[in-house]
Amino acid sequence: MTVSYTLEVADARFAGFSKLLFRWKGSIYKLLYKEFLVFGLLYSFISVLYRCLLAPKQQEWFEQIAIYCNQFADLIPMSFVLGFYVTLAFNRWWGQYTSFPLPDNLMMVVSGNVHGTDERGRLLRRTLMRYANLSSVLILRSVSTRVRKRFPTVEHVVEAGFMTQEEQRKLDALYSDFNKYWMPMTWFVNLASQARREGRVRDDVALRLLMDELNEYRAKCSLLFHYDWISIPLVYTQVVTLAVYSFFTFCLIGRQFLNPAKGYSGHTLDLYIPVFTLLQFFFYAGWLKVGEQIINPFGDDDDDFETNQLIDRNIQVSMLAVDDMHQDLPAAEKDKYWTEECFSPPYTAATAMETLKPAFMGSTFDMWMSEDPTQHQTVETPKTPHMQTPRTGHHRGAGASPAVSLKNFGRTGRAQPLMRLRAESFSSEREWSGRIDEDADEPSQAAPQRPRRLEASEQQRRREGAQIRVVIDPSIDQQADA
């Protein structure tokens, strides 16, 4: 059964999560204690062998090997390898959970769009939902060990009421090399079309809604099948497992306490029990076991999905929705606050203090504002035209261009302004007499055309109506002539 502790951590309090450390079911202790005992026994055996059974010369060789193993064991990137692996496994685990086919949306559509309170209408609705649940049972038999143990053969599915004898014969008669979980969905589509022809489904929009919900349900069943088919690449799983096992194999020798009398660096104490090495094993090996457990959540582990209970829930609520609750509506009555314009539902004594809390009005509601009244007076902003570089599209159809080439720049006598204000008229004090071309010796006499633009708003017309005069300092012209 899935271990749930959500209620115990609903409120963050002192030692709230610490109480979870003493639970056994679903804990890391239950998952890892066998590997932890094996590691501790192997470390103790090597320690006794070094201290009591090896000759002095052999002890020196062992000490050199231990120093060497301890020096290079940390080169294995344990945190990176395990972190990426567990993240990948968790994303896969969550994806499988969200892909579990739930018939809730489908049963609402069937209940509201397949009409008829007679026996035929009831038969159509119940059969449609039975086909949908049959597909989920067939796909879960293929991916979940719990469901496979519950329904080891198709005859058990028939005995459970998900399938009739005639439907089993049709399922067995259709030859296919692949999984046939999709067959009941095909029956669903054909039966829904038949209900449309009989008028049980009133229009094509309702039929389309039925098909859309069924396709979404089918997509989740297909996704579960592909999750089971395509696993995390085996090579990556092997790399992670070998990295963890090899690291702690080297730690069995490299983390041994050597004789302090020989003066080896880092071996000034002889504690016999490697506390931090054991903690490191607990964390890293536990991390690996977590990844191994959540790769496939359709097994018999403590935290695997309760697939059998989900099957029972789905078939029960779907039949209730399309049969017992079909057109079984309570009488529409005026609510309790029918005559009240402003009301608030009552609170209990345990929650009455919440009424004293102010309602949230927005993050800037309590922002400090200046007390100076002049800062809150409305002022008129100057309607100054914005300076803007003309866009290419404005001059695409124009007959003249204000561009000046380097070749003709010295012949004009004066440097012409290359930027014009947006509201400046073409008939300014210094009006262009023609287009200056890079290949022409003299400017042409063709009058420039005003660029086309879209119809502006009224506010934009008022801004463009402003005339701005640009006065050039005569001293600058004299310096240019000189």
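Refer to the preceding data block for the structure.
This report concerns the structure included in the present document. Treat the numbers as computed from the prediction; the structure is a model and nothing was measured.

What counts and what doesn't
Residues numbered from 1 in each chain as written. Predicted model: local features only at pLDDT ≥ 70, side-chain atom pairs only at ≥ 80, totals over all residues. Heavy atoms only, no water. Axes fitted to C-alpha atoms, helices over the stretch in contact; angles between N-to-C directions. Helix = DSSP H or I, 4+ residues; strand = E, 2+ residues; numbered from the N terminus. Parallel < 35°, antiparallel > 145°, perpendicular 65-115°, else oblique. Contact = heavy atoms within 4.5 Å. Nonpolar A, V, L, I, M, F, W, Y, C, P; charged D, E, K, R; others polar. Buried < 20%, exposed > 50% of the residue type's maximum accessible area, 1.4 Å probe, protein only. Disulfide = S-S within 2.5 Å. Patch = residues over 30% accessible without salt bridge, like charges linked within 9 Å, V, L, I, M, F, W, Y side chains within 5 Å. Areas by Shrake-Rupley, 256 points an atom, 1.4 Å probe, with all protein chains shown as cover. Salt bridge = Lys/Arg side-chain N within 4 Å of Asp/Glu carboxyl O. Phe/Tyr/Trp six-rings, centres within 6.5 Å; stacked < 30°, edge-to-face > 60°. Expected span 1.5 Å × (residues − 1). Core = buried A, V, L, I, M, F, W, Y, C linked by side-chain atoms within 4.5 Å. Polar contact = N/O pair within 3.5 Å; in protein donor to acceptor, adjacent residues only side chain to side chain.

Some words on the packing of helix H9 (residues 183-198) against helix H10 (residues 204-229)
Then, in step 1: Their axes nearest at 11 Å, the elements H9 and H10 cross at an angle of 175°. Here H9 lies roughly antiparallel to H10, going by the angle between them. Together, Met185, Phe188, Val189, Ala192, Ser193 and Arg196 of H9 and Asp204, Leu207, Leu210, Met211, Leu214, Tyr217, Arg218 and Cys221 of H10 make up the contact between the two elements.
Then, in step 2: Partitioning the contact of H9 with H10 into residue classes produces 10 nonpolar, one polar and three charged.

Some points on unusual backbone geometry
Then, in step 1: Not every positive phi belongs to a glycine, and Tyr272 is a case in point at roughly 70°.
Then, in step 2: Assessed through its relative accessible area of 52%, Tyr272 is described here as exposed.

A short note on the state of the cysteines
Then, in step 1: Tallying each qualifying case throughout the model produces zero disulfides.
Then, in step 2: Among the cysteines around Cys251, which has no disulfide bond, Cys69 carries the closest sulfur, lying 9.3 Å off.

Structural notes on a nonpolar patch on the surface
Then, in step 1: Taken together, the side chains of Tyr272, Ile273, Val275, Phe276, Leu279 and Phe283 make up a nonpolar region of the molecular surface, amounting to roughly 690 Å² of accessible area.
Then, in step 2: Take Phe276: it is sitting in helix H12 (residues 275-295).
Then, in step 3: Looking at Phe276, the relative accessible area reads 70%, which means it is exposed.

Notes on the packing of aromatic side chains
Then, in step 1: Under the counting rule described, the total for this entry stands at 26 aromatic pairs.
Then, in step 2: Measuring from centroid to centroid gives 5.8 Å for Phe84 and Tyr236, while their planes differ by 85°, and the two rings are edge-to-face. Within this pair, whereas Phe84 is found in helix H3 (residues 78-98), its partner Tyr236 is found in helix H11 (residues 234-254), the two being separated by 152 residues in sequence.
Then, in step 3: Residue classification places Phe84 among the partly exposed positions, given a relative accessible area of 48%.
Then, in step 4: Taking 6.1 Å as the distance between ring centres and 70° as the angle between the ring planes, the aromatic pair formed by Phe282 and Phe283 counts as edge-to-face.
Then, in step 5: For Phe282, a relative accessible area of 22% translates into the label partly exposed.

Digging into helix H5 (residues 119-143)
Then, in step 1: Between its first and last C-alpha, H5 extends 36 Å over 25 residues, near the 36 Å set by a 1.5 Å rise per residue.
Then, in step 2: The buried count for H5 comes to 19 of 25 residues, which makes it a mostly enclosed element.

As for the nonpolar core
Then, in step 1: By size, the foremost hydrophobic cluster in this structure holds 47 residues, and its most contacted members are Val110 and Leu140.
Then, in step 2: Among the elements of the structure, helix H4 (104-113), H5, helix H7 (154-159), H9, H10 and helix H13 (307-324) are those that each provide at least two residues to this core.
Then, in step 3: Setting aside its immediate chain neighbours within four residues, Val110 contacts Arg125, Leu128, Met129, Phe188, Leu210 and Val322.
Then, in step 4: Among the nonpolar cores identified, the runner-up in size contains 32 residues, and Phe39, Tyr43, Tyr50 and Phe62 belong to it.

Comments concerning H13
Every α-helix carries 3.6 residues per turn, so stepping three or four residues along brings you back to the same face.
Then, in step 1: The end-to-end C-alpha separation of H13 is 25 Å, in line with the 26 Å expected for 18 residues at 1.5 Å each.
Then, in step 2: Elements in contact with the buried residues of H13: H4, H5 and helix H6 (145-150).

Concerning the side chain of Glu167
Then, in step 1: Positionally, Glu167 belongs in helix H8 (residues 165-173).
Then, in step 2: The class of Glu167 is buried, set by a relative accessible area of 8%.
Then, in step 3: Looking at Glu167, its side chain comes within polar contact range of the side chain of Arg130, at 2.8 Å.
Then, in step 4: Beyond its immediate stretch of four places on either side in the chain, Glu167 contacts Arg130, Tyr131, Phe162 and Trp187.

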